[in-house]
Amino acid sequence: QVQLEESGGGLVQAGGSLRVSCAASGRTGSSYAMGWFRQAPGKDRESVARISGSGGITHYADSVKGRFTVSRDNSKNTLYLQMNSLKPEDTAVYYCAAVRTYNIFAIPDHYDSWGQGTQVTVSS
């Protein structure tokens, strides 16, 4: 069981940047793929970005391609999401998650651990 905790959310104007982090209490390392998900009020949770255990493979939702970058530092047991050119529609609670699989496209139900989320609000 891996405990995850997000941080770094806040309020930013459209066009601005923000980086959110996810710290794991237990080592995830290369055996865990990880992902960022978000949920806006009244909407379903959606996948934002995925990253393989080694960090060598990433995947992004079409809505954030070219603007967001997911990375991980396994020596620090930390996952990051750099968000640039933010839009009001990016406003949501952002969650990180970990899954013990090599498949970065694992469905959310297969994820082993979830953080509590961090709020990101983008003003117009």
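Within each chain, residue numbers correspond to sequence positions counted from 1 in written order. With pLDDT at 70 or above as the cut-off, local features in this predicted model cover only qualifying residues; side-chain atom pairs require 80 or more to be listed or tallied, and sums for whole chains, interfaces and linings still use all residues. With hydrogens and water excluded, all non-hydrogen atoms of the structure serve as input to the side-chain values.

K.L.:
With reference to specific residues and values, describe the pairing of strand E11 (residues 118-123).
P.N.:
A 1.4 Å probe rolled over the protein chains alone gives each residue an accessible area, and that area as a share of the maximum for its type sets the label: buried under 20%, exposed over 50%, partly exposed in between. Counting from the N terminus, the helices are the DSSP runs of H or I reaching at least four residues and the strands are the DSSP runs of E reaching at least two. Of the two faces of E11, only the one carrying Thr118, Val120 and Val122 is buried; Gln119, Thr121 and Ser123 on the other face are not. Two strands form a pair only when DSSP identifies at least two bridges running between them. Of the pairings in the sheet, the one linking strand E2 (residues 10-13) to E11 comprises 4 bridges and is parallel in character. Bridged to Val12 within E11 is Val122. Bridging between strand E9 (residues 92-99) and E11 involves 3 bridges; their strand directions are antiparallel. What sits directly across from Tyr94, in E11, is Thr118.

K.L.:
Tell me about the pattern of salt bridges, and name the residues and values.
P.N.:
Any two side chains of opposite charge can pair, given that their charged atoms come close. The salt bridge definition used is simple: a Lys or Arg side-chain nitrogen within 4 Å of an Asp or Glu carboxyl oxygen. Overall, the coordinates contain 5 salt bridges when judged by the stated rule. Between Arg38 and Asp90 there is a salt bridge, and its shortest N-O distance comes to 2.9 Å. Of the two residues, Arg38 is situated in strand E4 (residues 33-39) and Asp90 in the loop between strand E8 (78-83) and E9; the sequence distance between them amounts to 52 residues. For the pair shown, Arg38 and Asp90 are each scored as buried. Here Asp62 ties to Lys65 by a salt bridge, and the two come within 3.1 Å at their closest N and O atoms. Judged by its relative accessible area of 66%, Asp62 is exposed. Taken together, the salt bridges that share partners define one network made up of Arg38, Glu46, Arg67 and Asp90.

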